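Report on the structure
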Amino acid sequence: MDQALLLVRNELPAQGLRLAALSGSCHQCLYQFLAFVPPSNGSLRNPGTAAVMVDTQHPLTLLLNSSVGDRELCKIDPVRNWVYKKLNSRETDRLINSELGSPNTTDSVSSDPTPRLWSAASRQRLRSLDTFRGLSLIIMVFVNYGGGKYWFFKHESWNGLTVADLVFPWFVFIMGTSISLSLSSMLRWGSSKRKVLGKILWRSFLLILLGIIVVNPNYCLGPLSWDNLRIPGVLQRLGFTYLVVATLELLFTRAGAESGALETPCSALQDILPYWPQWIFILMLEVIWLCLTFLLPVPGCPRGYLGPGGIGDFGNYPNCTGGAAGYIDRLLLGEKHIYQHPSSSVIYQTTMPYDPEGILGTINTIFMAFLGLQAGKIILFYRDQHKQIMSRFVIWSIVMGIISAILTKCSKEEGFIPINKNLWSISYVTTMSCFAFILLLLIYYLVDVKRLWSGAPFFYPGMNSILVYIGHEVFENYFPFKWKMQDSQSHAEHLTQNLTATTLWVIISYLLYRRRIFWKI
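All values reported here derive from a predicted model rather than from experimental measurement. (Residues numbered from 1 in each chain as written. Predicted model: local features only at pLDDT ≥ 70, side-chain atom pairs only at ≥ 80, totals over all residues. Heavy atoms only, no water.)

**Let's talk about the overall build of the protein chain**
Along the backbone of the protein chain there are 14 helices and 9 strands. Counting every position in the protein chain, which comprises 521 residues, the buried fraction comes to 57%. In the protein chain, the proportion of contacts linking residues at least 24 apart, taken out of those at least 6 apart, comes to 75%. Accessible surface computed for the protein chain: about 22800 Å², of which carbon and sulfur atoms make up 63%. (Helix = DSSP H or I, 4+ residues; strand = E, 2+ residues; numbered from the N terminus. Buried < 20%, exposed > 50% of the residue type's maximum accessible area, 1.4 Å probe, protein only. Contact = heavy atoms within 4.5 Å. Areas by Shrake-Rupley, 256 points an atom, 1.4 Å probe, with all protein chains shown as cover.)

**Considering the pattern of salt bridges**
If you walk through the whole model with that rule in mind, you get 7 salt bridges. With a shortest N-O distance of 2.7 Å, arginine 230 and aspartate 355 are connected by a salt bridge. With arginine 230 in the loop between helix H4 (193–215) and helix H5 (234–252) and aspartate 355 in the loop between helix H8 (344–347) and helix H9 (361–381), this pair connects stretches of sequence that are 125 residues apart. On the accessibility criterion, aspartate 355 (1% relative accessible area) is buried. A salt bridge links arginine 230 to glutamate 357; its shortest N-O distance comes to 2.9 Å. (Salt bridge = Lys/Arg side-chain N within 4 Å of Asp/Glu carboxyl O.)

**Some points on the nonpolar core**
Counting 104 residues, the largest nonpolar core has Phe132, Phe173 and Phe393 as the members making the most contacts within it. Apart from the residues lying within four places of it in its own chain, the contact partners of phenylalanine 393 are Ala375, Ile378, Ile379, Phe437, Leu440 and Leu441. Counting residues in each nonpolar core, the second largest holds 15 residues, with Ala4, Leu34, Ala50 and Leu62 among its members. (Core = buried A, V, L, I, M, F, W, Y, C linked by side-chain atoms within 4.5 Å.)

**As for the state of the cysteines**
All told, the structure shown has 2 disulfides when counted by the stated rule. With a sulfur-sulfur separation of 1.9 Å, cysteine 26 is cross-linked through a disulfide to cysteine 29. Given an S-S torsion of about -75°, the disulfide between cysteine 26 and cysteine 29 has left-handed geometry. An identical accessibility class is assigned to cysteine 26 and cysteine 29; each is buried. Between cysteine 301 and cysteine 320 runs a disulfide, and the two sulfur atoms are separated by 2.0 Å. Of note, the bridge from cysteine 301 to cysteine 320 carries an S-S torsion of about -100° and is left-handed in sense. Taken together, the residues span a long stretch of sequence, with cysteine 301 in the loop between helix H6 (276–295) and helix H7 (324–332) and cysteine 320 in the loop between H6 and H7 at a distance of 19 residues. Cysteine 320 shares its class with cysteine 301; the two are buried. Numbered by order of appearance in the sequence, the disulfide-linked cysteines of the protein chain pair as 1-2, 3-4. (Disulfide = S-S within 2.5 Å.)

**Structural notes on the environment of methionine 140**
Within the fold, methionine 140 resides in helix H2 (residues 127–144). In the structure, methionine 140 is positioned 24 residues away from alanine 164 in sequence and 7.2 Å away in space, judged by C-alpha atoms.

**Looking at unusual backbone geometry**
In this structure, the amide linkage connecting alanine 456 to the following residue, proline 457, adopts the cis form with an omega of 0°. If you trace the backbone, proline 457 turns up in the loop between helix H11 (426–449) and helix H12 (459–463). Of note, the amide linkage connecting phenylalanine 479 to proline 480 takes the cis form, showing an omega dihedral of 10°. Residue position: proline 480 is located in the loop between helix H13 (465–474) and helix H14 (491–514). Phi at glutamine 349 is positive, roughly 55°, even though this residue is not glycine. Mapped onto the elements of the fold, glutamine 349 is located in the loop between H8 and H9. We note that arginine 451 has phi near 55°; this positive angle belongs to a residue other than glycine. Along the chain, the position of arginine 451 falls in the loop between H11 and H12. Assessed through its relative accessible area of 63%, arginine 451 is described here as exposed.

**Quick word on the environment of histidine 386**
Mapping histidine 386 onto the fold places it in helix H10 (residues 386–408). Sequence separation between histidine 386 and aspartate 448 is 62 residues; the distance between their C-alpha atoms is 9.3 Å. Not counting chain neighbours up to four residues away, the residues in contact with histidine 386 comprise Tyr444 and Val449.

Printed below as a string of structure tokens:
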């Protein structure tokens, strides 16, 4: 799929050619040898020929060198929509389209920490939060099922963003928002902090357990094996992030504190100033991330390296994928217990295992959830004051956008800290939170303020996010979510199959909603 056959004819007598290529999406990479084109036998009717397969998704620069003296003869820059790919196309799709994200399971109406089916109707809640969550979930399901095999529905190889890179941080963000609302609700209804802490611990444990036992293993390949079981993962990171942020909020919140905003000179900061110890804690975590990322010595790698390794950076650091983040995971978890096929292995041809849900990136995931927590506090403090809520969402979005512009220098590769989903860089968090505040503002305005939109159909999977996420993972390879296609190289067939599977989960969540069945953790 998305491949072309490149035929090179050499009419030069007694001079062979070396054909090499460089992908436009491979930053600071070396040209990679494609084929040797033999010389002509002296007749224009019998030129030397060579045929190679190239990918048609990204720009490609071709280079022809003489086999004698390795002299450059010709450079074609760029060949649009091509990129060199030696890997099998289906394997490439599998490598780039790794796990994307997982739904947030925090819910303000949950009072039992164990998974169960609820038949009672929930209390009044903001439909915009469930709509936001459901929108992210549906995009995630569609992307995980293949996204029609289009490149923009796959993860970026290293620096930069695609649609696939948006979903996970949005789940983390809305999880933080839900934490603020749910803890406030529990304390207001008389639950003790000790009891709430117990629920937080149990819920975190269940998320981590589900990630390790249910989501990570591929039981189609055999029984569970502890020898090469991946330890990090999406649910694991969500579980740990939830534990830290919810505990942090529980320590400094109190029932009735958010009874409403008063018009005072300090009212603009009353959702921030009383919680300054939380900000100190988050800033300390960010200092730790910066120090480990830029100061930790990594054997064989330059200090502060943020690159993909492999053939990136002109092939100088092939085993340095992810710098300190990758080194910490390999050191503490072992190479066999982290993700073996990172998205960088396609374009940058990396050979080192690297986990995008590793240990170091969890620090910035906590920061992302904490920013979502601020959105929840805004909703609580400015209850029913829609203009105040939306104006503060805009302010937060602008602030995060300015920070992102400074960190990235408004460029993909040349910034101080590039946007990178694999590393969960700080610029990635500020950029995604900038988008999240704006998206939440729009949904909040349409759904809860003007009531121009009910949130359907995204509202329904948003109400049953954990069931839809685990269900789509478990039944991914079963009919009617997947079937044998007549032409596996057709975007149209892949798109039809992926849209059908995604739509089925929307229908399932709608039917469960009608029967008032909600699976909570």
